[in-house]
Amino acid sequence: MKFTANIWKVVFPGVIYNSSGPRCTTPDELRALWESESSAIMMKSCSPLPREWNPEPRYMEVDLGSINSIGLANHGYKKYLEYAAELKAEFPNKPIVVSIVWFSHVDFIELVTAFQNDENVDILEVNLSCPNVLGKPQIAYDFEGSDELLAKIFAIPGEKPVGLKLPPYFDPVHTAMMAEVLKKYPISFITCINSVGNTLIIDPETESPLIAPKGGLGWLWGDYVKPVALANVRMFYKLLWDRMKIIGCGGIKSWVDVFEHLLAWASLVQLGTVLGKENTICFERIQKEFDEYMDKKWYSDVNQLVGNLKEL
Ligand code: RRO
């Protein structure tokens, strides 16, 4: 049995799709996602103008995940409007989700307005957790700044669901402070979590960091971050369960990770590192494994599962 999901009126044919991460930047990569079992097409976070990739090596896989400093490389939002039109014409049944990054309030307003007015885009995910203006914290770690920005974003007219990609919070007090801000706006969903930032992996053979940019400091994904992601899904569930959905992201590479994220309260999940490692075949594999397990457990409705973690 395959569960479906929805975010407002947008229906997802399954609960598993890609994160704004590996393999979703170029038209070929997006086409491959359309042709896969991914239940939506999430595009790479985009900015007003195209941005170049950071110097290589900028993305490295290790046994327990991956580290990246891609540098918000993307083709600029106007190209993603074009890609959305091409793909939607050919494959109308999968939701198209755009991801928007922040440099200034003006940029965000331009992009949100353009995507809200575009007929091919279904959902907007605003990335509040990317490195932004030099010397300032990530916007989602600045609660007052997030509030000001969200007031502007949610003043923009539009029918499409708008959600937020959040960084991990490591202190429940911070999670609660952010939840108070989020409660003020008609946010459709939050995606928990973006990568764990500013980490360092060293290769003892070469005595060097694995990646080149920023002296080797990069963003961590994969097995390393799953417990952090689950804790964030669960903490926000307790604060926001009656207001918005949560999309789980972090360390999902098999059916059991999907299962755990849903138990914590995710309604949908996104795949990142595993998509980088296995390519789009991972959707078919994980979906099949997950469906089989659901049948084995006699679950027939996703709501029998979502949020039903049996706390001790
Ligand atoms: O492009 C990146 O370096 C990047 C982004 Br925008 C993000 O949101 N998360 C990440 O791990 N890398």
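Residues numbered from 1 in each chain as written. Predicted model: local features only at pLDDT ≥ 70, side-chain atom pairs only at ≥ 80, totals over all residues. Heavy atoms only, no water.

Asks: Give a description of the packing of helix H3 (residues 105–116) against helix H4 (residues 143–153) that names residues and reports values.
Replies: Closest axis-to-axis distance for the H3/H4 pair is 10 Å, and the angle between their directions is 30°. Classified by the angle between their axes, H3 and H4 sit roughly parallel to one another. H3 and H4 meet at a crossing whose hand is right-handed. Residue-level inspection shows His105, Phe108, Ile109 and Val112 of H3 in contact with H4, the latter providing Glu148, Leu149, Lys152 and Ile153. Counted by class, the contact of H3 with H4 contains five nonpolar, one polar and two charged residues. (Axes fitted to C-alpha atoms, helices over the stretch in contact; angles between N-to-C directions. Helix = DSSP H or I, 4+ residues; strand = E, 2+ residues; numbered from the N terminus. Parallel < 35°, antiparallel > 145°, perpendicular 65-115°, else oblique. Left-handed = near helix turned anticlockwise from the far one by under 90°. Contact = heavy atoms within 4.5 Å. Nonpolar A, V, L, I, M, F, W, Y, C, P; charged D, E, K, R; others polar.)

Asks: Provide a residue-level description of the site of the ligand, including the pertinent values.
Replies: Neighbouring the ligand are Lys44, Asn68, Ile70, Gly71, Leu72, Asn127, Cys130, Asn194, Ser195, Trp219 and Trp221. Asn127 places a side-chain nitrogen or oxygen 2.9 Å from an oxygen atom of the ligand. One of the side-chain nitrogen or oxygen atoms of Ser195 is found 2.5 Å away from an oxygen atom of the ligand. Within the complex, 97% of the 310 Å² of free accessible area of the ligand lies under protein. (Near = heavy atom within 4 Å. Polar contact = N/O pair within 3.5 Å; in protein donor to acceptor, adjacent residues only side chain to side chain. Areas by Shrake-Rupley, 256 points an atom, 1.4 Å probe, with all protein chains shown as cover.)

Asks: Go over H3 with me, naming the residues and quoting the values.
Replies: An ideal rise of 1.5 Å per residue puts 16 Å on twelve residues; H3 measures up with 16 Å between its terminal C-alpha atoms. Burial in H3 covers these residues: His105, Asp107, Phe108, Leu111, Val112, Phe115 and Gln116. One face of H3 carries all of its buried residues, which in axial projection span an arc of 155°. (Expected span 1.5 Å × (residues − 1). Buried < 20%, exposed > 50% of the residue type's maximum accessible area, 1.4 Å probe, protein only. Arc of directions from axis to C-beta.)

Asks: Break down the sheet that holds strand E16 (residues 268–271) for me, citing the residues and quoting the values.
Replies: Taken in spatial order, the eight strands line up as E3-E16-E15-E10-E9-E8-E7-E4 in an open sheet, and their pairing is parallel. At either margin of the open sheet sits one strand with a lone partner, and together these are strand E3 (16–18) and strand E4 (41–42). When E4 meets strand E7 (residues 96–100), the two strands line up parallel, connected through two bridges. From the neighbouring strand, Met42 faces E7, where its bridge partner is Val97. Helix H9 (residues 281–296) rests against E3 and E16 of the sheet, and its axis sits at about 160° to E3. (Pairing = 2+ DSSP bridges.)

Asks: Residues and numbers for the packing of H4 against helix H5 (residues 172–182), please.
Replies: Angle between the axes and distance between the axes are the two parameters that describe a pair of packed helices. In contact at an axis separation of 10 Å, H4 and H5 are set at 20° when each is read in the N-to-C sense. The orientation of H4 relative to H5 falls into the category roughly parallel. Helix-helix and strand crossings are classified by hand; for H4 and H5 the assignment is right-handed. For the pair formed by H4 and H5, the contact residues are Phe143, Ser146, Asp147 and Leu150 on the first element and His174, Met177, Met178, Val181 and Leu182 on the second. Looking at side-chain class alone, the contact of H4 with H5 contains six nonpolar, two polar and one charged residues.

Asks: Pulling in residues and values, what's your account of the sheet that holds strand E14 (residues 218–221)?
Replies: Hydrogen bonding along the main chain pairs the strands of a sheet, whether they run parallel or antiparallel. Taken in spatial order, the four strands make up an open sheet running E5-E6-E14-E11, and their pairing is antiparallel. A single partner strand is all that each edge strand has here, and the edge strands are strand E5 (59–62) and strand E11 (196–199). Each strand of the sheet is rotated relative to its neighbour by a mean of 30°, with strand direction disregarded. Sheet analysis places strand E6 (residues 65–68) next to E14, joined by three bridges and oriented antiparallel. Following the sheet pairing, Asn68 is matched in E14 by Trp219.

Asks: Describe the packing of aromatic side chains, with residues and values.
Replies: Applying the stated rule across the entire model yields 14 aromatic pairs. Centroid distance Phe12 to Tyr17: 5.4 Å. Interplanar angle 45°. Geometry classified as tilted. Judged by relative accessible area, which is 0%, Phe12 ranks as buried. In this structure Tyr17 comes out as buried when scored by relative accessible area, which is 1%. Taken together, the aromatic side chains of Tyr141, Phe143, Tyr169 and Phe236 make up a single cluster linked through ring pairs. (Phe/Tyr/Trp six-rings, centres within 6.5 Å; stacked < 30°, edge-to-face > 60°.)

Asks: Now, about unusual backbone geometry: what can you tell me, with residues and values included?
Replies: Cis rather than trans, the peptide bond between Glu56 and Pro57 has omega equal to -10°. Note on placement: Pro57 falls in the loop between E4 and E5. Geometrically, the link from Cys192 to Ile193 is a cis peptide bond, its omega value of 15° lying close to zero. The topology assignment puts Ile193 in the loop between strand E10 (189–192) and E11. In this structure, Leu72 takes a positive phi of about 60° despite not being glycine. Inspection of the secondary structure puts Leu72 in the loop between E6 and helix H2 (77–90). Phi at Lys214 is positive, roughly 50°, even though this residue is not glycine. Within the element layout of this structure, Lys214 appears in the loop between strand E13 (208–209) and E14. On the basis of relative accessibility, which here comes to 48%, the residue Lys214 falls in the partly exposed class.

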